[in-house]
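Examination of the molecular architecture
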Amino acid sequence: MATVNEQLQDKSIRHLIQLLRLQNGEAKAIIKMLDDEVIPDLVDKIAAAVSRMELSGGVIKGVEAQRLQKLSGAITEILERFDGDAPNSVRSRLVERLVEISDTEAQWANRAIQDVLPIEWNTSMPSVNTLRSLVVNQPFDGAPLNEWFSNLSTNAKDKITQAVRIGMVEGQTMDQIMQRIRGTAAENFTDGILHKQF
């Protein structure tokens, strides 16, 4: 018969495979959420704002600078749905999902240990508030989750605004600017700033 450590290792390896599947599924769900709820509105607002600008090349000033500033404000407003504190923002829904997953993981670890130990062992589970604190405050890709989302939103807004400015200075058409932001159909819109940023 396998030792306790071997049994726990076997359970952990099987569970890790399930976690990797879950990770892929969650990533696809987040991308779908962005594709369905954030990116289409961003593309529409940017296209409408860019179509009102004179794209003659040269220096951006006067009315065009004001329009660019309004565009920046509209982008910020849309990204609030992504990064905002509202219960239906992408960030809020992701935090709730991560708390659910962390609770499930804590329960799995508890059960796994109880199943393989030949003796009765009392364990305690972390509270949902503790798990939420860990989800929100533990560094995720180098920063706490809230800061990571804020940085992502700020970077997206800056890159979009920069793409519009570059297009205006280079004298590009609205379609060319939108292609730089949204991407090309040939690449299934994965080569644009929006897809690369999110």
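Use the structure listed above.
The text that follows walks through the structure, step by step, so that each part is easy to find. Throughout, a residue's number is its position along its own chain's written sequence, starting from 1. Only residues with pLDDT of at least 70 are given local features in this predicted model, and only at 80 or more are side-chain atom pairs given and counted; all residues enter the totals for whole chains, interfaces and linings. Hydrogens are left out, water is left out, and the side-chain values use all remaining heavy atoms of the structure.

Let's talk about the layout of surface pockets
Gaps left between atoms are located by rolling a probe of water-molecule size over the structure's atoms. Which entries qualify depends on this criterion: For each structure, a 1 Å grid was placed over the protein atoms alone; sets of points admitting a 1.4 Å probe that cannot get out are labelled cavities, open sets with protein on both sides within 12 Å along at least five of seven lines are labelled pockets, and lining residues have an atom within 4 Å of a point. Grid points are joined across faces, edges and corners, and a volume is the space filled by probe spheres set on the points. The secondary structure listing takes helices from DSSP runs of H or I that are at least 4 residues long and strands from runs of E that are at least 2 residues long, numbered from the N terminus. Amino acid classes used here: Ala, Val, Leu, Ile, Met, Phe, Trp, Tyr, Cys and Pro are nonpolar; Asp, Glu, Lys and Arg are charged; the rest, including Gly, are polar.
Roughly 740 Å³ of volume is contained in the largest pocket. Contributing to the lining of the largest pocket are 27 residues, with Ile30, Leu94, Leu98, Phe140 and Leu145 lying nearest its centre. At the level of elements, helix H1 (4-51), helix H3 (90-116), helix H4 (128-137), strand E1 (139-140) and helix H5 (145-170) are the ones that each hand at least two residues to the lining of the largest pocket. Here the residues of the lining of the largest pocket are counted per class, giving 20 nonpolar, 3 polar and 4 charged.

A closer look at the packing of H5 against helix H6 (residues 174-182)
The test is simple: Lines are fitted to the C-alpha atoms to define the axes, a helix being fitted only along its stretch in contact, and any angle between axes, read from their N-to-C directions, falls within 0 to 180 degrees. Should an angle lie under 35 degrees it is considered roughly parallel, over 145 roughly antiparallel, and from 65 to 115 roughly perpendicular; all remaining angles are considered oblique. The crossing is said to be left-handed when, going from far helix to near helix, the turn is anticlockwise and less than a right angle, and right-handed when the turn is clockwise. Here, two residues are considered to be in contact whenever any of their heavy atoms come within 4.5 Å of each other.
Two numbers describe how H5 lies on H6: the axes approach to 9 Å, and their chain directions differ by 150°. Considering their axes alone, H5 and H6 lie roughly antiparallel with respect to each other. Crossing of H5 over H6 shows right-handed handedness. Only Ile177, Arg180 and Ile181 of H6 make contact with H5, whose side of the interface consists of Ile160, Ala163, Val164, Ile166, Gly167, Met168 and Glu170. For the contact of H5 with H6, the residue count by class is 7 nonpolar, 1 polar and 2 charged.

A few points about H6
The criterion, for reference: Classification of residues uses two cut-offs on accessible area relative to the type maximum, computed with a 1.4 Å probe and protein chains only: under 20% is buried, over 50% is exposed, and between them is partly exposed. Read the arc as the range of directions from the helix axis to the C-beta atoms.
Every buried residue of H6 is accounted for by Ile177, Met178 and Ile181. Along the axis of H6, the buried positions cluster into a sector of 95°, meaning they face one direction only. Gly183, located one to two residues past H6, shows a positive phi value of around 105°.

Looking at the pattern of salt bridges
Put simply, the rule reads: Note on definitions: salt bridges are taken to be side-chain nitrogens of Lys or Arg within 4 Å of carboxyl oxygens of Asp or Glu.
If you walk through the whole model with that rule in mind, you get 4 salt bridges. Taking the shortest distance from any N to any O, the salt bridge between Glu26 and Arg97 comes out at 2.9 Å. Note that Glu26 is positioned in helix H1 and Arg97 in helix H3, a separation of 71 residues in sequence. Overall, Glu26 belongs to the buried group, its relative accessible area being 19%.

Remarks on the environment of Leu8
Within the secondary structure layout, Leu8 lies in helix H1. Sequence separation between Leu8 and Ala109 is 101 residues; the distance between their C-alpha atoms is 9.6 Å.

Considering the nonpolar core
Selection rule: Take the buried residues of types Ala, Val, Leu, Ile, Met, Phe, Trp, Tyr and Cys, join any two whose side-chain atoms come within 4.5 Å, and each joined set is a nonpolar core.
In this structure, Leu42, Ile46, Ile160 and Ile181 are the most contacted members of the largest nonpolar core, which totals 30 residues. Elements supplying a minimum of two residues to this core: H1, helix H2 (62-83), H3, H4, H5, H6 and helix H7 (193-197). Here this core takes 8 residues from H1, the largest share from any one element. Excluding its chain neighbours within four sequence positions, the residues that come into contact with Ile46 are Leu71, Ile75, Ile160, Val164, Met178 and Ile181.

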